[in-house]
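Residues per chain are reported as follows:
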Amino acid sequence: WTEAAELGSIQALFDLGDSYDEGDGVDQDKAKAAEFWTKAAMQGHVSGRYNLGCIEFEKGNYGRSGKHLLISAKLGHKNSLEIIKNMFMRGQANKTQYAEALRGYQDAVEEMKSHDR
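What you are looking at is a predicted structure, and each value in this text was computed from that prediction instead of being measured.

**Topic: helix α3 (residues 30-42)**
Because an α-helix completes one turn every 3.6 residues, residues spaced three or four positions apart along the sequence face the same direction.
So, point 1. Between its first and last C-alpha, α3 extends 18 Å over 13 residues, near the 18 Å set by a 1.5 Å rise per residue.
So, point 2. Those residues of α3 not exposed but buried are A33, A34, F36, W37, A40 and A41. Buried residues along α3 cover an arc of 165° about the axis, so they all sit on one side.
So, point 3. Looking at the buried side of α3, the elements it contacts are α2 (10-22) and α4 (46-58).
So, point 4. The N-capping residue of α3, defined by a side-chain oxygen 3.2 Å from the backbone nitrogen of A31, is D29.
So, point 5. Remark: G44 follows α3 within two positions and exhibits a positive phi of approximately 100°.

In structure tokens, the structure reads:
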């Protein structure tokens, strides 16, 4: 994956992040995993963005987590929407954030169903 990532593959960047997160073929390194997921997310990889949101959530950085998850929810990532919903129910996100995520997710799903695609 390293060579593919160097050649510009966004999926390879994400996969390298997974490898470092899990220690699959490399020494486990959570910080390096986050670096690769960040690079993938900055280029539009939805699951990379979701993973960054989860990392921030685990750290208790709910504001940063919510921002990452909102982006991935607006790109049609269902688990992102569910986490934002749960954050709202626990008071870690506000009603406006949840409503924006829900609208964005619904718009993304509708666009994917569109016959004009």
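**Quick word on the nonpolar core**
So, point 1. Judged by nonpolar contacts, the single largest core of 13 residues is most densely connected at L69, L81, I83, I84 and A101.
So, point 2. Mapped by element, the contributors of at least two residues to this core are α4, α5 (62-74), α6 (78-89) and α7 (95-113).
So, point 3. Looking at this core element by element, the count peaks at four residues for α6.
So, point 4. Formed by 12 residues, the second largest nonpolar core is a distinct cluster that contains F14, L16, A33 and L52.

**Some points on the layout of surface pockets**
A water-sized probe, rolled over the atoms, reveals where empty space remains.
So, point 1. Quantified by volume, the largest pocket comes out at close to 180 Å³.
So, point 2. If you go around the largest pocket, the residues you meet are D21, K30, A34, W37, N51, C54, I55, E58 and K59.
So, point 3. Contributing elements (two or more residues each) for the lining of the largest pocket: α3 and α4.

Calculation criteria
- Residues numbered from 1 in each chain as written.
- Predicted model: local features only at pLDDT ≥ 70, side-chain atom pairs only at ≥ 80, totals over all residues.
- Heavy atoms only, no water.
- Helix = DSSP H or I, 4+ residues; strand = E, 2+ residues; numbered from the N terminus.
- Expected span 1.5 Å × (residues − 1).
- Buried < 20%, exposed > 50% of the residue type's maximum accessible area, 1.4 Å probe, protein only.
- Arc of directions from axis to C-beta.
- Contact = heavy atoms within 4.5 Å.
- Polar contact = N/O pair within 3.5 Å; in protein donor to acceptor, adjacent residues only side chain to side chain.
- Core = buried A, V, L, I, M, F, W, Y, C linked by side-chain atoms within 4.5 Å.
- 1 Å grid on protein atoms, 1.4 Å probe; cavity = no way out; pocket = protein on both sides within 12 Å on 5 of 7 lines; lining within 4 Å.
- Points joined across faces, edges and corners; volume = space filled by probe spheres on them.

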